[in-house]
Structures are given as structure tokens and as C-alpha cells.
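# A structural walkthrough
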Amino acid sequence: AVALLTAFSFAFTPLRSSHDEWWHLKAGKWIVENRRLPEFDIFTYTGEQIPWHNHEWLCQVLFYAVYAWGDERAIGGVRALVTFKALIVVATFALAGGLAYRRGGSWIVAWLLALVAADVSRRTIYPRPPVVSYVFFAGALILMNEWKSGRLRARWLWALPLATALWANLHGMCILAVAVA
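Below: a short report on this structure.

If you tally the helices and strands in the protein chain, you get eight helices and zero strands. In the protein chain, the succession of helices and strands from N to C terminus is α-α-α-α-α-α-α-α. Projecting the C-alpha coordinates of the protein chain onto the three principal axes gives extents of approximately 55 × 35 × 30 Å. Sorting the 181 residues of the protein chain into buried and exposed places 39% on the buried side. Pairs at least 24 apart in sequence give 63% of the contacts found in the protein chain among residues at least 6 apart. As displayed, the protein chain offers around 10600 Å² of accessible surface, 65% of which is attributable to carbon and sulfur atoms. Across the protein chain, the 17 positively charged side chains and the 11 negatively charged ones have centroids separated by 13 Å.

As C-alpha cells, this is what we get:
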């Protein structure tokens, strides 16, 4: 509980410490409003004719949807987005702690490792697409670990390509799935 509460608190990094969030929100809003992906970099005046291969489009739409949902309610868009990100971070470190326990057998060591990992990563935990990759990476590691240790049937490995296809549209770090496999 202490490790997860600590990870949750670390995830409340103020948005002013990073600049990408607003750009991702605006891109998500544009995609939702236009119901398509932009062909060119529409936010950079020097890149208006440069083809844009937006590999994070689904995450941008998801973040904008959370922001808009919060904005429509009394909690506010930024608060909703940061809380959503904090929940993703908690899920990531819960998975990492669970994996450490399965590999080492000690809850104390596992949660201490999760606590240290949360502390080390706290300066990189922003509401940006990479935060989604962290939870997918932890999930892929658990899936492979459970299969390798014989606690999971091989048919469950089909979840990895399906999750990777989703992951590829959320963030480009999906290549980590290949590394895990």
C-alpha cells in the first residue's frame, strides 16, 4: 500500500514542468473534431508541408477524451488528466511489484523495489504517451514470465500480439514487446 500510494503521489507532477502535454491534447482534439489523422504537422509553422506519421494518435485521443470529460464536470480537465495518469502509474508499479514478487518470492523486497523504481522514475512521469507504454511493458513482462514459469498456457500468448497492436497506436515504445518476446 505504501509503495502504491507513493507512486500515486509521485504521479502528481505539475504540468508546468513539461511542455508536451498541451501539444498532445491539441492534437487529440484536432483528431476528434476532424475524425481523421493529420497528414502534415499542423502545429509547427516550419513543418506545415512535412508529412506527419503520428504514432501516438490513439493516446492523444484518449488523453483529450479524459481532459474533455473532466472539463465538463466540476473536477476540471487538467485534474482529470493528471489523476488518470496517476492511476496508470499505480497500475504500472503494482504490476512491477507483483512481477518482482513472482520472480523473487519476497513481498517486502518486491515492494521496496517498486518503491525505488517509482522514486527513480518520478521526474519522467508526465501525462504523455510514454506513460501508457510503461503499463503495457509491465504487462508484457508478466505475461511472458507466467508462461515461461509454466503458470500460464501458451494460448494466452496470443494476447501479446493483440496488446502490441493496440500499444503501437498508443505509443511507439511498442517495440519493447519484441524485446520481451
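Glancing now at the environment of Leu143. Relative to the assigned elements, Leu143 resides in helix H6 (residues 130–148). Classification of Leu143 by relative accessible area gives buried; the value is 13%. When the C-alpha positions of Leu143 and Asp119 are compared, they lie 25 Å apart, and in sequence the two are 24 residues distant. Residue contacts for Leu143: discarding those within four places in its chain leaves Leu152, Trp156, Leu157, Ala159 and Leu160.

Here the focus is the packing of helix H2 (residues 20–34) against helix H3 (residues 57–72). Between H2 and H3, whose axes approach to 7 Å, the crossing angle comes to 95 degrees. By the angle between their directions, the pair H2 and H3 is classed as roughly perpendicular. Mapping the contact onto sequence places Trp22, Trp23, His24, Leu25, Ala27, Gly28, Lys29, Ile31 and Val32 in H2 and Trp57, Gln60, Val61, Phe63, Tyr64 and Tyr67 in H3.

Here is a general trend for soluble globular proteins: nonpolar side chains tend to be buried in one another's company. Membership of the largest hydrophobic core comes to 25 residues, with the highest contact counts inside it found for Phe63, Val89, Phe93, Val131, Val132, Phe136 and Leu160. Those elements that provide at least two residues to this core are H3, helix H4 (77–104), H6, helix H7 (159–170) and helix H8 (175–180). By residue number, the principal contributor to this core is H6, which donates seven residues.

In contact at an axis separation of 9 Å, H4 and H6 are set at 25 degrees when each is read in the N-to-C sense. As far as their axial angle goes, H6 and H4 are roughly parallel. Crossing hand, H4 versus H6: left-handed. Within the contact between the two elements, H4 uses Lys85, Ile88, Val89, Ala91, Thr92, Leu95, Leu99, Arg102 and Arg103 and H6 uses Val131, Val132, Tyr134, Val135, Ala138, Gly139, Leu141, Ile142, Asn145 and Glu146.

As a further point, take H2. Taking 1.5 Å per residue, 15 residues should reach 21 Å; H2 reaches 21 Å between its end C-alpha atoms and fits that length. Taken residue by residue, H2 has Glu21, His24, Leu25, Ala27, Gly28, Trp30 and Ile31 as its buried positions. Where H2 is buried, its residues touch H3 and H4. Phi for Arg35, located one or two positions after H2, is positive at around 55 degrees.

Time to look at the environment of His24. By the secondary structure assignment, His24 is in helix H2. Taking the relative accessible area as the measure of exposure, His24 reaches 2% and is therefore buried. As a C-alpha pair, His24 and Gln60 span 36 residues in sequence and 5.3 Å in three-dimensional space. Excluding its chain neighbours within four sequence positions, the residues that come into contact with His24 are Glu56, Gln60, Arg128 and Pro129. Within the structure, His24 has its side chain in polar contact with the side chain of Gln60 (distance 3.0 Å).

Relative to the assigned elements, Thr164 resides in helix H7. What Thr164 contacts, discounting residues up to four positions off in sequence, is Cys174 and Ala177.

Reading guide: rules and limits
- Residues numbered from 1 in each chain as written.
- Predicted model: local features only at pLDDT ≥ 70, side-chain atom pairs only at ≥ 80, totals over all residues.
- Heavy atoms only, no water.
- Helix = DSSP H or I, 4+ residues; strand = E, 2+ residues; numbered from the N terminus.
- Buried < 20%, exposed > 50% of the residue type's maximum accessible area, 1.4 Å probe, protein only.
- Contact = heavy atoms within 4.5 Å.
- Areas by Shrake-Rupley, 256 points an atom, 1.4 Å probe, with all protein chains shown as cover.
- Lys, Arg positive; Asp, Glu negative; His and termini not counted.
- Charge placed at Lys NZ, Arg CZ, Asp CG, Glu CD.
- Axes fitted to C-alpha atoms, helices over the stretch in contact; angles between N-to-C directions.
- Parallel < 35°, antiparallel > 145°, perpendicular 65-115°, else oblique.
- Core = buried A, V, L, I, M, F, W, Y, C linked by side-chain atoms within 4.5 Å.
- Left-handed = near helix turned anticlockwise from the far one by under 90°.
- Expected span 1.5 Å × (residues − 1).
- Polar contact = N/O pair within 3.5 Å; in protein donor to acceptor, adjacent residues only side chain to side chain.

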